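Now for the letters of each chain:
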Amino acid sequence: MYSMQIKRIILYFVAVLCLLNGGYIIAQVPLTNIDASIALKIPGNDAINYPLKGAAGEQSIQLKADKDIPVIITRTIKGNSMEVVIQANEDVYFNFKQRINTSYSHNDCQFYMPGFWYRRNLRSPKEAPSFHTSDSWTVREDRLSVPMTAVFNEKTGDYLSVMRMDDFTHEALTTHKEGEVIVSGKTSIGYTGFENVDNSANLSFGFPYYETPKTYIRKLTLAPPVEAFQHLGKGESIQLTWLLQSGKATDFSGLIRQLWDYSYDTWRPEPVETPFSDDFVKETMTGFFTQSFVSDYPLKFNSGEAMVVATCESLGRAEIGFVGRVLLNAFNALEYGLQHDRSELVSNSYAVFESYLEHGFTPGGFFREFVNFEDNKPKGNTINHSIRRQSEGIYAMFHFLQYEKENGRKHPEWESKLKTLLQQILLLQKSDGSFPRKFNDDFSIADESGGSTPSVTLPLVMAYRYFNDKEYLAAAKKTGGYLEREIISKADYFSSTLDANCEDKEASLYAATAMYYLALVSKGNEQQHYADLCRQASYFALSWYYMWDVPFAPGQMIGDIGLKTRGWGNVSVENNHIDVFVFEFGSVLNWLSKRYDEPRFNNFVKVISTSMRQLLPFENHLCGVAKTGYYPEVVQHTNWDYGKNGKGFYNDIFAPGWTVASLWELLSPGRTEKFLLK
């Protein structure tokens, strides 16, 4: 990109060496070379790149090119803050770049960009950003839950991070998505990343955005790089600010924890001012329960996946777990219907459970996870079962049965079915405690990956409590051992989403929730051990959730609506959009907050809870969705899409079944503790 040598500059940064009682220990760490350059473009011509130099050792320096250029660039460093002011002497189109040599061997390093890049992204395929394609990546900041990159030297424990600070109020459209592009107005979005320069790991950052060696435009689709240029008029100036942080961490998990706390303390995200109370949100979402109910087939269900956003017409497709969550929605509707005297909700819900009792099981005794009555073909032309969908179905059934028992209604046939299903599930557990990700009705294994194992921990713990059978608890503890050894201790959270086998939010969220369940049914040192593991996994899950508000361009719908992205979570490396997947993670964080006296967790739950209700669709506030209560799913917040509409819009197909279920659980705190601690 550019190369120059500057005499060693000694900078002193606020650094986290370790965390003691939630506080920081300060250290002084030297930085080495900083390179800078600016690319100037005359429309219709290729840009020209100018390396920049400045006097070493001064707090404030002017960066100059070898020849006269029509901009004045001043860089000022105060403590851990780096400010750059670019002033135009005539109209220019510019892209400003900086690069810091960490002096770490690139081969010794792991890399972190919150909500997008973990270690080397080697769980992701070559068609997505990963080391399989390149060991150097720069990306636009709105891909990240915090506009930050960190380089972590595994051999020494040293790390260095850079984080952009701005008000992030502007975004503008471009006519192209690759090559040299001129933004149509002001943008606040820069870039960040890392590069291998002569086997030294470098932090790279600048403004406006610059994506190399590829830009990621849709699922499993890498495109040529893009370099954006913003206009700066004669006499105008722009100020850019980055914070630099250095320190030590014992391992990658320690890095994530330190940098999440640091990011939270820096951004201090506040709850979003939304006028929708918990009761109003739930009442509105019952519109989904009533309008999506399908009763034309042997199975009765709420149509909740593969729906067209523009019409929300119901389909003959029933899915018990993610993404339809048919059984959990049926329980939520039943509980609400009985509490609020809604007879239609009650009768529809009982019809769902009765139909699944009669028609919802395979010859092998497993749940029929997905049934398409319209073409009678299994989803994806496969008969594979998934441990995640089976587990989510059992989880919902235990809530139903416990609720019914508490209200004097028993379902012995369902209990018998669940015992049979659980015995089938236990036959799949491996000696290391893991469960295969996918399998067939004859128990043959279709995907041996253990990444989805934490999803089954939940129903196993519930089965132990409901049936008072320690066999289930023993199996659950074996999953806990596997999670500790292979997932949490290795900081390797992957393979929990059904359509992607990569680094993802749900893997860490499920791991944290699994440890929460095990802790609730344990005591003493064992409980403390599970609690510590829960907290460790929770930091990874938290790292996927946005602390800042991504700007949108005028005309990008969800920006025009006024969406604030803080509190929303990125999905995975492959699926680079935000959504409302949270379920009972809020309860997990509140429990951890009390146990560890960590107010950040409790405060951030308030951010999540207030923010995720923003797109609630109802009359005159439909948020681009056709029907009341059908909460949107694929919220495309950056330059990425599933193939439709792009940033600021939804994909044309969505699955409101799981979004409604997720928000419902968020607004029903303490369910698990009530179930397990009776």
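Note: the structure precedes this text.
Please read these numbers as outputs of a predicted model, since none were measured by experiment.

Trainee: Honestly, helix H12 (residues 585-595) in this entry has me stumped. Any pointers?
Mentor: Note that an α-helix has 3.6 residues per turn; residues three or four places apart therefore point the same way. Most of H12 sits inside the fold, with eight of its 11 residues counted as buried. Within the span of H12, buried status applies to Phe585, Gly586, Ser587, Val588, Leu589, Trp591, Leu592 and Ser593. Elements that come into contact with the buried residues of H12 comprise helix H9 (505-520), helix H10 (524-543), helix H13 (599-611) and helix H15 (671-676).

Trainee: Where do I start with the sheet that holds strand S29 (residues 445-447) in this structure?
Mentor: What holds strands together in a sheet is hydrogen bonding between their backbones, with the strands either parallel or antiparallel. Across the sheet, three strands lie side by side as S27-S28-S29; this open sheet has antiparallel pairing. Of all strands in the sheet, those bounded by a partner on one side alone are strand S27 (385-386) and S29. Pairing of S27 with strand S28 (residues 438-439), which is carried by two bridges, proceeds in the antiparallel orientation. From the neighbouring strand, His385 faces S28, where its bridge partner is Phe439.

Trainee: Please clarify how the packing of helix H8 (residues 470-488) against H10 should be interpreted in this entry.
Mentor: Helix-helix packing is described using two parameters, namely the angle between the two axes and the distance between the axes. Running from amino to carboxyl end, H8 crosses H10 at an angle of 45°, the nearest separation of the two axes being 12 Å. Classified by the interaxial angle, the pair formed by H8 and H10 is oblique. As H8 runs across H10, the sense of the crossing is left-handed. Note on element contacts: H10 touches H8 through Glu526, His529, Tyr530, Leu533, Gln536 and Ala537, opposite Lys477, Glu484 and Ile488. Across the contact of H8 with H10, the residue classes break down as four nonpolar, two polar and three charged.

Trainee: Just to check I follow, could you spell out the sheet that holds strand S21 (residues 237-248) for this structure?
Mentor: A sheet is described by the order of its strands in space; here eight strands give the open sequence S5-S6-S7-S21-S13-S12-S9-S10, paired in antiparallel fashion. On the outer flanks of this sheet lie strand S5 (60-63) and strand S10 (117-119), each paired with one strand and no other. Averaged over all adjacent pairs, the angle separating strand axes in this sheet is 20°, with direction ignored. As paired strands, strand S13 (residues 158-165) and S21 are joined by eight bridges and run antiparallel to one another. Within S21, the position partnered with Met165 by the bridge is Thr241.

Trainee: Honestly, unusual backbone geometry in this entry has me stumped. Any pointers?
Mentor: The general pattern is negative phi for most residues beyond glycine and trans for most peptide bonds. For the bond running from Phe207 to Pro208, omega is -15°, close enough to zero to count as cis. Position of Pro208 relative to the elements: it lies in the loop between strand S16 (200-207) and strand S17 (210-211). Cis geometry is found at the peptide bond from Phe322 to Val323, where omega equals 25°. The topology assignment puts Val323 in the loop between strand S25 (317-319) and helix H3 (326-339). Look at Ala491: it is not a glycine, yet its phi comes out positive at around 50°.

Trainee: Any chance you could explain the packing of aromatic side chains here in plain terms?
Mentor: As enumerated under the stated definition, the model contains 56 aromatic pairs in all. Considering the side-chain rings of Phe322 and Trp658, the 5.3 Å spacing of their centres and the 50° angle between planes classify their relative orientation as tilted. Of the two residues, Phe322 is situated in the loop between S25 and H3 and Trp658 in helix H14 (residues 656-666); the sequence distance between them amounts to 336 residues. Since its relative accessible area comes to 0%, Trp658 is described here as buried. Among the aromatic residues, those joined into a ring-pair cluster are Tyr112, Tyr118, Phe152, Phe252, Tyr493, Phe540 and Trp544. Across from the ring centre of Tyr596, 3.9 Å away, lies the NZ or CZ of Arg535, which sits over that ring.

Cut-offs and rules
- Residues numbered from 1 in each chain as written.
- Predicted model: local features only at pLDDT ≥ 70, side-chain atom pairs only at ≥ 80, totals over all residues.
- Heavy atoms only, no water.
- Buried < 20%, exposed > 50% of the residue type's maximum accessible area, 1.4 Å probe, protein only.
- Helix = DSSP H or I, 4+ residues; strand = E, 2+ residues; numbered from the N terminus.
- Contact = heavy atoms within 4.5 Å.
- Pairing = 2+ DSSP bridges.
- Axes fitted to C-alpha atoms, helices over the stretch in contact; angles between N-to-C directions.
- Parallel < 35°, antiparallel > 145°, perpendicular 65-115°, else oblique.
- Left-handed = near helix turned anticlockwise from the far one by under 90°.
- Nonpolar A, V, L, I, M, F, W, Y, C, P; charged D, E, K, R; others polar.
- Phe/Tyr/Trp six-rings, centres within 6.5 Å; stacked < 30°, edge-to-face > 60°.
- Lys NZ or Arg CZ within 6 Å of the ring centre and 35° of its normal.

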